[in-house]
Amino acid sequence: MNKVLPILCTVLSTLSYGQSYSTYYGTYDVNQNVNVNKDVKVSGTVNQNVNKTVRTIDYGALAAANAQKEANRLNKIQYEDSRDAMRAQEIAADPYAAYKYGNEVGRAYTRSESGKLNKRQDGGHFRKKITWIWTQPSSLLFTRPFSNSFRNTNSDGSIECIVTVLFPKNYSYNQEKYGKERYPETEFIAKTAALKIQTNKKVGEAYTTKDGDNFYTHKTEIGRATVYGRKGYRATWIYESDYEYVIKDYYFSDREGILHEGIVQYSVDKTRGTFEDLEGRRYYLRRVVEEVIGTAYFDLK
């Protein structure tokens, strides 16, 4: 009995918890029927029905709404330079202009400087001459909380987009640091990394982290994308936590044993927005964020 009750309680709590999830990407109806007999042996069935709905997202309408709200926000700003006012109008209509008016930034290390980096910093490029460059989009659309990350919020601040251009690492370095379970032996480095995201995030399943945070996966998908100037992959994880709806895009490409990565995360508090709001913002910003990740540059000598 002592062993049965915890298992039974876990099953029941998981099933009832799942019924409160968003149905934007599909309806998950869980019906359960558990019988416990007098000998305290558990028997019964758990029937789970997943009714997927076909939803057509009007990306054009969502993008137009985002553009209008962005124009309203930028129009409220007082510009000292008339060129900034002109650029603000252009960026609101097409966020790609934020890339056009951005600045090239980055880091460079001589062989001597990279030799002084510790193992957590050098990415497996010890005593190599390193050039790492990317474009910081216009501050009219993105702020820069960290050197290689950019942050955007919508007009009312409810939706946050964080773009991170990750420092490329030698794949064998990742294997040594994180283990071959996470970074298995493969000649298809970028594809393997993308597929790993999909296999680790099971659609329709919830899990709890060691910190007590709950996550529920609604959807995963893999597509093509240019990453660091090379054809690679985009792995998407769409999920919700206890407090937020999130769409997270992981970007991967590889060259000569080096894994190039970028991450774009869109999130909104459940009390302030929906997955549809996130999809609209993602569609509106997608071209500019993918240009930042696609044109990043890394070289070793």
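Keep in mind that what you see is a predicted model, and the values were worked out from it rather than measured.

> Explain the overall build of the protein chain to me, and be specific about the residues and the numbers.
Across its full length, the protein chain holds nine helices and 14 strands. Per-residue burial for the protein chain yields a buried fraction of 41% across its 301 residues. Considering only intrachain contacts with a sequence separation of at least 6, the fraction spanning at least 24 residues in the protein chain is 58%. Put simply, the protein chain shows about 16,800 Å² of open surface, and 47% of that area lies on carbon and sulfur atoms.

> Could you give me a rundown of the packing of helix α2 (residues 59-75) against helix α3 (residues 82-93), with the residues and numbers involved?
It is the contact of α2 with α3, at a shortest axis distance of 8 Å, that shows an interaxial angle of 160°. Considered as vectors, α2 and α3 are oriented roughly antiparallel to each other. Handedness of the crossing formed by α2 with α3: right-handed. Every residue of α3 that contacts α2 at Ala-67, Glu-70, Ala-71, Leu-74 and Asn-75 is listed here: Ala-88, Gln-89 and Ala-92. When grouped by side-chain class, the residues that make up the contact of α2 with α3 number five nonpolar, two polar and one charged.

> Describe the pairing of strand β5 (residues 143-146), naming the residues involved and giving the relevant values.
Direction of pairing for β5 relative to strand β6 (residues 149-153): antiparallel, over a ladder of two bridges. In the sheet register, Phe-146 faces β6, and the bridge partner there is Ser-149. The antiparallel pairing of β5 with β6 creates a hairpin that spans two residues between the two strands.

> Break down the sheet that holds strand β4 (residues 130-136) for me, with residues and values.
Strands sit in the order β3-β4-β14 across an open sheet of three strands; the sheet is antiparallel. In this open sheet, the two edge strands, each paired with only one partner strand, are β3 (103-109) and β14 (297-300). Between one strand and the next, the sheet's axes are offset by a mean angle of 10°, whatever the strand orientation. Note: β3 against β4, seven bridges, orientation antiparallel. Looking across to β4, one finds that Val-105 is bridged to Trp-134.

> Tell me about unusual backbone geometry, and name the residues and values.
Keep in mind that most residues, glycine aside, have a negative phi and that most peptide bonds are trans. Positioned with a positive phi, Tyr-228 is a non-glycine residue whose angle comes to about 55°. Assignment of secondary structure puts Tyr-228 in the loop between β10 (214-227) and β11 (230-241). Backbone geometry at Glu-256 places phi at a positive 50°, although glycine is not the residue there. Secondary-structure assignment places Glu-256 in the loop between β12 (244-255) and β13 (258-269). Residue classification places Glu-256 among the exposed positions, given a relative accessible area of 71%.

> Can you lay out the pattern of salt bridges for me, pointing to particular residues and giving the numbers?
Under the counting rule described, the total for this entry stands at 13 salt bridges. Salt-bridge contacts for Lys-270 lead to Glu-240; the nearest nitrogen and oxygen are separated by 2.6 Å. Taken together, the residues span a long stretch of sequence, with Lys-270 in the loop between β13 and α9 (275-294) and Glu-240 in strand β11 at a distance of 30 residues. Take Lys-270: its relative accessible area is 27%, and that puts it in the partly exposed class. By sharing partners, the salt bridges in this structure join Glu-70, Arg-73 and Arg-281 into a single network.

> I'd love a proper account of a positive patch on the surface, names of residues and values included.
Side chains of Arg-111, Lys-128, Lys-129 and Lys-301 sit close together on the surface and give a patch of like positive charge. Structurally, the position occupied by Lys-129 is in the loop between α6 (119-122) and β4. The class for Lys-129 is partly exposed, based on a relative accessible area of 40%.

The rules behind each value
Residues numbered from 1 in each chain as written. Predicted model: local features only at pLDDT ≥ 70, side-chain atom pairs only at ≥ 80, totals over all residues. Heavy atoms only, no water. Helix = DSSP H or I, 4+ residues; strand = E, 2+ residues; numbered from the N terminus. Buried < 20%, exposed > 50% of the residue type's maximum accessible area, 1.4 Å probe, protein only. Contact = heavy atoms within 4.5 Å. Areas by Shrake-Rupley, 256 points an atom, 1.4 Å probe, with all protein chains shown as cover. Axes fitted to C-alpha atoms, helices over the stretch in contact; angles between N-to-C directions. Parallel < 35°, antiparallel > 145°, perpendicular 65-115°, else oblique. Left-handed = near helix turned anticlockwise from the far one by under 90°. Nonpolar A, V, L, I, M, F, W, Y, C, P; charged D, E, K, R; others polar. Pairing = 2+ DSSP bridges. Salt bridge = Lys/Arg side-chain N within 4 Å of Asp/Glu carboxyl O. Patch = residues over 30% accessible without salt bridge, like charges linked within 9 Å, V, L, I, M, F, W, Y side chains within 5 Å. Lys, Arg positive; Asp, Glu negative; His and termini not counted. Charge placed at Lys NZ, Arg CZ, Asp CG, Glu CD.

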